[in-house]
Amino acid sequence: MDRLRQDLIVSLRRLRQSPGFTTAAILTLALGIGANTTIFTAVNAVVFRPLPVERPNELVYLNLRSFRQEIPTQSYPNYRDFQDRNNVLSGLIGYRITPIGFSPPGGNNARIWGYEVTGNYFDVLGVGALRGRVLHPDDDRTRGGHPVAVLSYGFWQRQLAGDHDAVGKTVKLNGLNYTIVGVAPAGFFGTEAIITPDVWVPMAMQKQIEPGNNWMDSRSAENIFVLGRLKPGVTQARAEAALNSIATDLGREYPAANAGMKIVLSPPGLIGSYLRGTIRGFAAVLMTVAGLVLLIACVNLASLLLARASDRRKETAIRLALGAGRGHLIRQLLTESVVLAFAGGAAGLLVAVWLTDLFAAWRPPVEAPVFPALTLDARVILFAGLASLFTGVLFGLVPALQSVRASLAPALKNEAPVQRFRRFQLRDALVAAQVALSVVLLVVSVLVVRSLQHALNLHLGFEPRHAASVSFNLALQGYDETRGHEFQRRLIEKVRAVPGIEAAGIISGLPLTLIISNNEILVEGKPVTRAAETPFAAMYWISPGYLQAAQTKLLAGRDFEERDNGESRRVVIVNQAFARQMLPGENPLGRRFRYNASRNEWNEIVGVVEDGKYRSLGEPPTPAVFSPVSQFSGLAGTIVARSPRPEQEVVGLLRRAVLELDPALAVYEPGSLTEQLGLALFPARLAATVLGAFGVLAVLLAATGVYGIMAYAVSRRTREIGIRMALGAAPSQVLRVVMTRTAWLLAVGVAAGLGLALAAGRLFSLVLYGVSARDPVTYAFAIALMALVAFAACWVPARRAIAVDPVTALRTE
């Protein structure tokens, strides 16, 4: 400990004596470690942070796997059977995320997000209340009989100003009074890492929370998330086997809905396995790119340490001559590099705090609270510390070893070592490494920017430009089906009557938003398959005029008409993918299908529209069905209008039209259709922003690193340059020698970088849309840009070389 204390004192003294070197090293590491810590903070919040409950490692999420696909939801009747029949789980809970209408006292109606939960939700999780109590099984026994709610801490603070007497008061949800029975703890964000609810209500209140959407008694309506807690001593494999035995029994008992059903257990927090692979892949790309930035910063640090070691050759030789052990000197030099690294890590933490606060003030383009809280917890601080230690030891070791290998006699005479341009040295390897890593980052940055450009120009199945929309939910204000359809009809007429509106229509939920619905398709005349093998189609309900407002091309048949209402035969419009996959080689017009085995209504196809994007920009052609909104019992919808007038002006007109028909109605998500694509474009924009910023940072670090290494190399070769010029070498010849060497180093670095980029192409493809990870244009641009940056960084040292006075150079040691 005494030796360590002495080494620390000596290291701090030496660093204080070289403020320029110390400042450059700390700033370089601060950028690299700060970038990595910021990305890890986000990844930690989404992927690694455990749920804020008792013994989170015991929780398992029940994914439903069929012959067709794996989905994260279960039906409520199946949930009850799994709960009653299993002997491997100490508790099983169900929950559903849903929008809820909230009427604040004296304020306008608003939409909030809540969890409908089974009565044992909080008990199984082991979560108590900050104030009052949580929900219990007695609150979930009678359908519609328990209008009680638990508020989230954030909602309690925002809407009720932290009222200490809030428990026992009422809040109005969907027009009904709910008694507040408790407030959840501040750190409890529910059971999903990416969405924080405002309120929890019993699942027994489902009909009141979701009027017109009755799914609790249907085995084919897979609408809830299911989470369980393992009993002590029960492994995940044993629990999965036991649950699959129950699934097999349910498949025999209810073959129409459950045939072929299997259960796959996974960790909770990311909607089971549904988002886990995508988010982890995206996180892997971000961490890989951030790691490359740190490597470039570390290479810069190693270059600085090598230059510093070269300048201290005489000091090192004297200490060795006086009997200092080489191990002792290596330890001191390593201590100095580790101190530098931890100073850079501390500065990097400050950078991460600033960037985290910046991200916390930003919200993604969606009304739902889907952005997790970013905090620098113990795991993040440990990551920053380990990154600092790794950097200091790994990249300080080689310079330290090289320092103690100096020849004593020349070093004691302070003779500069002979440097030859043709000899490949460690500093040259560092230049090539910086170029290689920068090429990889440039390739990734350009790829994601090109991917974003491609995503903005994708064919979506509708034209977002010059169209605007406003959403509403009539069910939240107590409308029944008859009143709701009348409201929708009057709204369309009112909007169409506005001067400048070219077309207007209503859709149940815009494509590429959070409103996603699908159903099983059973085509007339086709063999009936097991439910697990039945194909799915995306479902939308539209009014006459919507296709014109969205500019969705009708390829065959007809559009909906006013006569297509609840009293007429059921008709539908399908897309090309539906026709190709469900009716290959047949004329779809006039063919009929029904949605699943539990329904008997036949739907006749009267039209075919172009394919589009419905769930994500990267999805393959997906079957979709459009039904008349007048034959739909749901009362949520979006009015879409097309006009040459400014889009924000049209948004105001739509909002005004809705509120003139019902001033108490909550209006949400107003904006142009281009703005409504914000959620779908969010991954591409986030990738372009973050990776683009990393690309710029990498280029700056590489440019400064190449400049520093080449400038130092030229300064150490001043005598050789003087000799060359004294022997008659022209400035152009000296310049050519210096630049040729740079060209070789650049070629080696670019070749290595291209190889690394090609090898990592599969990883980068996770954040690309419509652009190949081996796009030749991108690689050519990255090579050209890196060459330009490298030669620009070398130009000043090269010009300095040819300006050397031979007489002065010959006297230089």
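Structural data are supplied above this passage.
Figured I'd write up the structure that's included with this text. Note that the structure is a prediction, hence the values are computed from the model and not measured.

Check the secondary structure of the chain and you find 25 helices and 24 strands. Considering the chain as a whole, with its 813 residues, one finds that 54% of them fall into the buried category. In the chain, the share of contacts with a sequence separation of at least 24, taken over all contacts with a separation of at least 6, comes to 81%. Here the chain has roughly 35100 Å² of accessible surface; of this, 58% comes from carbon and sulfur atoms.

A few words on the packing of aromatic side chains. Scanning all chains against the criterion turns up 18 aromatic pairs. Ring plane angle 70° and centroid distance 6.0 Å describe the contact between Y95 and Y121, whose orientation is recorded as edge-to-face. In this pair, Y95 is assigned in strand β4 (residues 89-103) and Y121 in helix α4 (residues 121-125), connecting sequence segments 26 residues apart. Of the two residues, Y95 and Y121, both sit in the buried class. Pairing F122 with F188 gives two aromatic rings, centres 6.0 Å apart and planes at 55°, and the pair type is tilted. Of this pair, F122 sits in helix α4 while F188 is found in the loop between β9 (176-183) and β10 (199-202), placing the two residues 66 residues apart along the sequence. Considered together, F122 and F188 belong to a single accessibility category, that of buried residues. Members of the aromatic cluster, each reached through a chain of ring pairs, are Y61, Y95, Y115, Y121, F122, F188, W200 and F225.

Once that is clear, we can look at unusual backbone geometry. Here H466, not a glycine, exhibits a phi torsion of approximately 65°, which is positive. Within the chain, Q551 stands out as a residue other than glycine whose phi angle is a positive 55°. Following the sequence through the fold, Q551 ends up in the loop between α16 (546-550) and β18 (554-557). Q551 gets classed as partly exposed once you look at its relative accessible area, which sits at 42%.

Time to look at helix α15 (residues 481-496). For α15, spanning 16 residues, the distance from its first C-alpha to its last is 23 Å, which sits close to the expected 22 Å at 1.5 Å a residue. Residues G484, H485, F487, Q488, L491, I492 and V495 constitute the buried set of α15. Projected down its long axis, α15 carries its buried residues within an arc of 155°, all on one side. Buried residues along α15 sit against β13 (467-473), β14 (503-507), β23 (636-642) and α18 (647-661).

About the cut-offs
Residues numbered from 1 in each chain as written. Predicted model: local features only at pLDDT ≥ 70, side-chain atom pairs only at ≥ 80, totals over all residues. Heavy atoms only, no water. Helix = DSSP H or I, 4+ residues; strand = E, 2+ residues; numbered from the N terminus. Buried < 20%, exposed > 50% of the residue type's maximum accessible area, 1.4 Å probe, protein only. Contact = heavy atoms within 4.5 Å. Areas by Shrake-Rupley, 256 points an atom, 1.4 Å probe, with all protein chains shown as cover. Phe/Tyr/Trp six-rings, centres within 6.5 Å; stacked < 30°, edge-to-face > 60°. Expected span 1.5 Å × (residues − 1). Arc of directions from axis to C-beta.

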